[in-house]
Structure formats: C-alpha cells, structure tokens
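Below, each chain spelled out in residue letters.
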Amino acid sequence: SWQDSFYRGMLLLVGASPCALAIGTPAAVLAGVARAARRGVLIKGGAHLENLGRLKTIAFDKTGTLTTGQFSVVETVVFPPFSEDDLLRVAAAVEDQSNHPLATAIVRHVKGRGLSFPSAAKIENLAGRGVQAQVESKSVVLGALRAFPQEVIAASGLPLRETITRLENAGMTTVIIQREGVFLGIIGLADQPRLSAKAALQRLGDLGIEHHVMLTGDNASVARRVSQALGIREVRSELLPGAKLTLIQEWQKSRGAVAMVGDGVNDAPALAAATVGIAMGGAGTAVALETADVALMGDDLCKLPFAVALSRASAKIIKQNLGIALSVIVL
C-alpha cells in the first residue's frame, strides 16, 4: 500500500542519510562560538551567533561604551555661602558607594585633593535622574536638572540653568548637589570617545549594518559632541532607562533584528529586550554580563564587526553542509 511504501521509504532515507545532515549545523555553530571565544567575544549560544548576522540596527549606549567612561572633574561651580570643599565632601559621601562612572570620578577627584568625607546612609537611586541619601543626618540629592522640581529651581533664585547650559555647551556632563533643599553647587565632568569606536562603526557600515544609533541619558550638547566625533548621525539624548527599552521594542517591530550594546548602567532593560544584547566585558556591570547574550571581553568595540562577520560566515558554512548532505541523500 502507499502507506507501507512511504514508511519503508522513510526508513531507507533515515538509514542511508549521512551523519553530516544531523551534525552539519551544531558542528558549525560550536566551531563559530569557539572561534569567537579565542578572539575575546563570549557568545552564550548558537541562536545568538545566528542573530548577529541578521542585524540591521545596532544601538549603542554612550557612557562606558562609545566613550571610555573614565570621567574627570573639569570644573566646579559653588553657590555662596558654601566652599568648594563643602561641595566636594558632600558629593563624595553620597557617591562613594556607587560604581557609576560619574560617581567614581567624583570620589577619585576628592581623594586626590586629600579631603576626608563622611559616610552616607539611606541611599536611594533615582532611576535615570540621580541619587538621594542622608549625610550627617541631612537630606542630600545629587543628579541632573530633571531630578529637581521646576518650582524648586525657580524659587532658588540661583543661575542654575544658565550655568548648566554653559557647562554643557563646553561638552561637560553636570551633577547638581542639593542639601536640605539648598543648592550647594554644580560639578562639571567630561570623558572621551574610545579610540576603537570610530573604526568599529566604519567596519559595521561596510558589513551592511544600516542604522547606528547612540542612546544616552546625557544632554543633547554632550551627545552631539560625541556623535560628531564618531560620525553617528542618529542620536537620542536625555533618555531614562525606560525610554531606551521602549525605543528598542519599537525598532524591533519596524526595523527587524536590533542589537543593544551597553555596560549595564541604566541600560540593562534595553540589553535584555534587544534581539542581541551585547555587554562590555570589562567596563560592564555584573547585571549587564548576566543579562547580555554576547560579551566583548577587553571592551574592544572592534571585536563587534568581527562577531557579525563570523556569524555570517557560520551561516554560509551551515548552508554548505546541508546542501552537500542533501545532495548525497538525493543521489
């Protein structure tokens, strides 16, 4: 009967099929993952290796990814009757327990000046805006301009907006310090683009990655300075972590496969939601390394184009393997 003939035919094909049909894909994937590991790219599975080759859009976090993340204090603005030492001691007390690049830069600067500072208590993170804590039993808030209500800024009578605009136009990221409702001053910090970033972006463009986007919580002036230095045309600035996540989800619907590259500071949700989450292995936080699908060890962005090219090469080899195996079966 037809049923018996079909069953016997399938038995013959299963018995006669070369092993290459079964192992052609996993062998190529394992070889690709091992090759990536030898070059300092940790890929956590075959699906992620495959997805790297399908990317058309890659979003980059700015601080710690496109830039070194090694901030330095460039300028301090103190409001009377406080002194610069008062400003720095309070800021260091709050930031001493944080691993954010801005926090470590402030603490490093204060220690370099030989200043001692108290310990903070009841530290609470204000997502994408700043941090608040208790220092010597007094409430302290550190953060960006959006961390403070508009009416409080207006009632202070201080040139907060004008000072911040001047510092940001000079390419600095600003941190405002407030204690017990009184503004002590502003700290201006800056960092530099990674030396490998521009070359990596050019190589990704050569590979056909159509969209490079920089996402940052920093102000537009700082974002523009970095994007112009690296040649990135699409920039989204002043983003909270939730906004980064929303953008990734929207682009996945409109642009297809999207990768997110970050260090896990304010971008862990976006890393988790992206088609491929890529973490900076050295500068990245523990959350980023746990969440991401791929980790670039050594923080070398030039390894990202290598990973994309490796993915595409692996896909070609898989197709060759399957083609040869099926040809033998047909023969």
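Cut-offs used in this document
- Residues numbered from 1 in each chain as written.
- Predicted model: local features only at pLDDT ≥ 70, side-chain atom pairs only at ≥ 80, totals over all residues.
- Heavy atoms only, no water.
- Helix = DSSP H or I, 4+ residues; strand = E, 2+ residues; numbered from the N terminus.
- Rg over C-alpha atoms; globule rule 2.2 N^0.38 Å.
- Buried < 20%, exposed > 50% of the residue type's maximum accessible area, 1.4 Å probe, protein only.
- Contact = heavy atoms within 4.5 Å.
- Lys, Arg positive; Asp, Glu negative; His and termini not counted.
- Charge placed at Lys NZ, Arg CZ, Asp CG, Glu CD.
- Pairing = 2+ DSSP bridges.
- Axes fitted to C-alpha atoms, helices over the stretch in contact; angles between N-to-C directions.
- Parallel < 35°, antiparallel > 145°, perpendicular 65-115°, else oblique.
- Core = buried A, V, L, I, M, F, W, Y, C linked by side-chain atoms within 4.5 Å.
- Phe/Tyr/Trp six-rings, centres within 6.5 Å; stacked < 30°, edge-to-face > 60°.

Before going further, it helps to examine the overall build of the chain. Helices and strands together make up the secondary structure of the chain, namely 14 helices and 13 strands. Taking 331 residues into account, the globule formula puts the C-alpha radius of gyration at 20 Å, and the chain, at 26 Å, lies well above it. With respect to the principal axes defined by its C-alpha atoms, the chain has extents near 100 × 35 × 35 Å. A total of 331 residues make up the chain; the buried ones form 47% of that total. Sequence separation of at least 24 residues holds for 62% of the intrachain contacts in the chain that already meet a minimum separation of 6. The average position of the 33 basic charges and that of the 28 acidic charges among the side chains of the chain differ by 8 Å.

Turning to the sheet that holds strand β6 (residues 138-143), a few remarks are in order. Sheet architecture is open: six strands sit in the order β3-β8-β7-β6-β5-β4, paired in antiparallel fashion. Edge positions in the sheet fall to β3 (72-78) and β4 (120-126), since each has one partner strand and no second. Here the strands of the sheet are splayed against their neighbours by 20° on average, with no regard to which way each runs. Contacting β3, β4, β5 (130-135), β6, β7 (173-179) and β8 (182-190), helix α5 (residues 84-95) crosses the sheet at an angle of about 75° to β8.

A separate point is helix α10 (residues 220-230). It helps to recall that an α-helix has 3.6 residues per turn; residues three or four apart then point in one direction. Inspection of α10 places Ser221, Val222, Ala223, Val226, Ser227 and Leu230 among the buried residues, and these make up the whole buried set. One or two steps after α10, the chain reaches Gly231, where phi turns positive at roughly 80°.

So, on to the packing of helix α9 (residues 197-206) against helix α14 (residues 303-330). In contact at an axis separation of 8 Å, α9 and α14 are set at 20° when each is read in the N-to-C sense. On the basis of the axis angle, α9 is roughly parallel to α14. Where α9 abuts α14, its residues Ala200, Arg203 and Leu204 lie against Leu304, Pro305 and Val308.

Let's shift gears to the environment of Glu84. As for its placement among the helices and strands, Glu84 is situated in helix α5. On a C-alpha basis, the gap between Glu84 and Ala295 in space is 40 Å, while along the polypeptide they are 211 residues apart. Look past the residues within four positions of Glu84 in its chain and what remains in contact with it is Thr76, Val78 and Arg113.

Our next topic: the sheet that holds strand β11 (residues 258-262). Strand order in the open sheet formed by seven strands is β1-β13-β12-β11-β2-β9-β10, with mixed pairing between adjacent strands. A single partner strand is all that each edge strand has here, and the edge strands are β1 (41-43) and β10 (234-236). Averaged over neighbouring strand pairs, the angle between their axes works out to 20° when direction is ignored. Where strand β12 (residues 276-280) meets strand β13 (residues 294-296), three bridges bridge the pair, whose relative direction is parallel. Bridged to Ala279 within β13 is Ala295.

The next point concerns the nonpolar core. Core analysis: the largest hydrophobic core is formed by 37 residues, its most contacted members being Ile58, Phe60, Ile278 and Leu301. Looking at which element gives the most residues to this core, the answer is α14, with six residues. Beyond its immediate stretch of four places on either side in the chain, Ile278 contacts Leu52, Ala259, Met260, Val261, Gly262, Leu271, Ala292, Val294, Leu296 and Leu304. Formed by 25 residues, the second largest nonpolar core is a distinct cluster that contains Phe71, Ile106, Ala133 and Leu142.

The subject of this paragraph is the pairing of β8. In terms of burial, β8 is a largely internal element, eight of the nine residues being buried. By the bridge criterion, six bridges tie β3 to β8 in an arrangement that is antiparallel. Bridging from a neighbouring strand, Ser72 pairs with Ala190 of β8.

This brings us to unusual backbone geometry. Residue Pro81 is reached from Pro80 by a cis peptide bond, and omega for that bond is 10°. Here Pro81 lies in the loop between β3 and α5. A positive phi angle, close to 55°, is found at Glu136, a residue other than glycine. Checked against the element boundaries, Glu136 lands in the loop between β5 and β6. At Glu180, a position not held by glycine, the phi torsion is positive, near 50°.

Attention shifts here to the packing of aromatic side chains. This structure, assessed with the given rule, holds two aromatic pairs. With a centroid separation of 6.0 Å and an interplanar angle of 40°, the aromatic rings of Trp2 and Phe6 are classed as tilted. Separated by four residues within a single helix, Trp2 and Phe6 lie in helix α1 (residues 2-16), roughly one turn from each other. Its relative accessible area of 69% is what places Trp2 among the exposed residues.

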